[in-house]
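What follows is each chain in one-letter form.
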Amino acid sequence: MNLSQSFRLALKSLATSKMRALLTMLGIIIGVAAVIVITSLGNGMQQMMNQQFESLGANIIQVQVYGMGMGSSRSVEPEDMYALAAEYPSYLSGITPSVNLQTVVRVGGEEYEQTSVSGISEDYIEMSGDTITQGRFLRYVDVDRARNVCVIGAYLSQEAFGGGGVGETVYLSGVPYTVVGVLNASSSDVSEGSGDDCLYIPYTSAMRLSGTAYVSGYVFTCPGRDSAATAKAIIEDSLYQIFQSSDYYFVLTSAEMMDAMNTMMNTMMVVLVAIAAISLLVGGIGIMNIMLVSVTERTREIGIRKSLGAKRANIRSQFIIEAGTTSAIGGVIGILLGVALAGVVGSLISSTMTGTNATFTAVPAANSVLTAFGVSVGIGVLFGYLPANKAAKLNPIDALRYD
Amino acid sequence: MAHLIELRDVYKIYQMGDETVHALDGINLTIDEGEFVAIVGQSGSGKSTAMNIIGCLDVPTSGTYHLGGVDVSTMQDDQQAEIRNKMLGFIFQQYNLIPKLNVLENVELPLLYAGIPSGERRERALRSLERVGLAAKCKNLPSQLSGGQQQRVSIARALAGNPSVILADEPTGALDSHTGREVLAFLKKLNQEGDTVVLITHDNSIAVQAKRIVRLQDGKIIYDGDASDPRAVVQPMESGDPVAPDGTFSDGEVVV
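Note that this is a predicted model, so its numbers are computed, not measured.

Calculation rules
Residues numbered from 1 in each chain as written. Chains lettered and ligands numbered in written order. Predicted model: local features only at pLDDT ≥ 70, side-chain atom pairs only at ≥ 80, totals over all residues. Helix = DSSP H or I, 4+ residues; strand = E, 2+ residues; numbered from the N terminus. Rg over C-alpha atoms; globule rule 2.2 N^0.38 Å. Buried ≥ 20, exposed ≤ 12 C-beta atoms within 10 Å, placed from the backbone. Contact = placed C-beta atoms within 7 Å. Nonpolar A, V, L, I, M, F, W, Y, C, P; charged D, E, K, R; others polar. Pairing = 2+ DSSP bridges. pLDDT = per-residue confidence, 0-100.

Moving on, we come to the overall build of chain A. Along chain A, the regular secondary structure elements total 13 helices and 13 strands. Computed over the C-alpha atoms, the radius of gyration of chain A is 33 Å, more than 25% above the 22 Å expected from 2.2 N^0.38 for a compact globule of 403 residues. Dimensions along the principal axes, computed over C-alpha positions, put chain A at roughly 105 × 50 × 30 Å. Expressed as a percentage of the 403 residues in chain A, the buried residues total 43%. Within chain A, contacts between residues at least 6 apart in sequence are counted, and of these 83% link residues at least 24 apart.

Attention now goes to the interface of chain B and chain A. Contact residues are listed per partner, giving 18 residues for chain B and 19 residues for chain A. Elements supplying a minimum of two residues to the side of chain B that touches chain A: α2 (77–87) and α3 (103–113) of chain B. Grouping the constituent residues of the side of chain B that touches chain A by class yields 9 nonpolar, 3 polar and 6 charged.

Glancing now at the pairing of strand β1 (residues 60–65) of chain A. The pairing of β1(A) with strand β12 (residues 217–221) of chain A spans 5 bridges and is classified as antiparallel. Within β12(A), the position partnered with A:Q62 by the bridge is A:V219.

Looking now at the environment of B:L88. All names here are of chain B. On the secondary structure map, L88 appears in strand β6 (residues 88–91). When the C-alpha atoms of L88 and A207 are compared, they prove to be 20 Å apart, with 119 residues separating the residues in sequence. In this structure, L88 is in contact with G55, C56, P163, V165 and L167, ignoring residues within four places of it in sequence.

Attention shifts here to the confidence of the model for chain A. Looking at chain A as a whole, the pLDDT averages 86, with 96% of positions reaching at least 70. Mean pLDDT across the elements of chain A bottoms out in helix α1 (residues 3–16) of chain A (79) and peaks in strand β8 (residues 149–152) of chain A (94).

Put into structure tokens, the structure is as follows:
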């Protein structure tokens, strides 16, 4: 029968009782909006994390060597790792030992507690993609002789030395280090605790400072994301050769880390969406409830239509279309509300994240919007079927007499 | 030639708790094309049941009903709907217009269910409204019209599908006597133009407007004949009393 008239009728009956229509749709609106907000924020979060990984270098492989303790004959020296990288240049494009120090940087009377201090080799700058703005980066000779020199990030340069810094002295655990270079800012957001709040010294010097005898961390780079798995296998193989056990080291590629993060995020999103979907279910039941009321209220109309020759299918489709239209409108309102809400929440979140160099924007995915719309229409049709069928089966005589 | 309406030994029996009610108790009735028949009876006489069966809204418990030569007494819900749509036009006491639809849309309804395309539907509905003189009001809602006008809209709706039979169930019941007379005059005019009209009423003064009267009592036909015959308007003695076959009556009980 005529679909356009059914739609017009449905819209008309919604328009005649706006408050009731709104309340009927509320469950669907809330459910759809919640799903959209959750997926948008989740997508935004994922994008932000991917962005951060990309900026750190997506092709980084971190190696942690726990070792077998002092005095063991089985240990890994930086030379071993350098040799490994030299052996497989097509998989391991760069290497640096990495010693993280938990120390406070002091310049004059000021202490900079947030500054990250790492001991690395002269190759680090090529691997990280940083650039020097003043002076020079660390050199082989600095590493070889464990000189007390350092390269500082843009934050320290601005805060402690008014934009300069080369030739100045900083103190790490009371030991004076001469600044030989300043790095370019890696993002527009140069602030305390950001990626630009850093300080690099030769790893040999860092070992002396922290009193450790061996290097426990290494960072490799591989030429591309595709070779990460092979590169990881090469490193693991070589470490297994040394230790004859896989218990004394740990190798992690950034691609794996990203995957693990994404998997975690996706799981979290699925759980949240499932919770939001309960609201959709409740909304569907609300629609069913109102449709049952509507069928009772319009028993006489159904009788009239039947007496004029409406078949069961005609009556059924009229009520199903009405339920579907109600939930579809609810879905559209929910989508608009959800997108708006996601935008507001997204900008709130990103305004609280000024301390980092990450940018956060809520991203409503087209497919989740379409799915939300489809699901809400589907719910209307599904929950509208029972009342519609009840209407279709009404006996025309009883329906005509109904008051 | 086959009759337009032909009921043979029609019984309609309801089970009301322990009691069995014979709403129709062996009815034999034929109506031909072009007739104007009034089915008269008091409440409980079975006239509403008869109207439901003639109107294909209900099926008899036993017996057959042929409408236009087709046996409709054993049809399913949807088949009956189609027969109602194609062959019958209803006029109800309470007009039974759908309040949310405007006059034109109301008149279009039977054509909509007949699957007629929108252009033709509109045209035929308008023509039908012209016949009752309400084409100018086609965009109004039923609530904006007077009772008489609403009943004329419902007549237009009954006519729109070009039915074989027009079934009018107490069409003047909700109207004042003046507009009631107008509606009756209109039904008469339709009959003169060739339409078959079946009028169901409890009111003798309305029934006599028809050419032929069928009087029901306790589910049986107690008179079937010309409306001008005085026996047609006999108000039977007491409900349930046997009525003499020759139609004995006392003067005091004649209501005109």
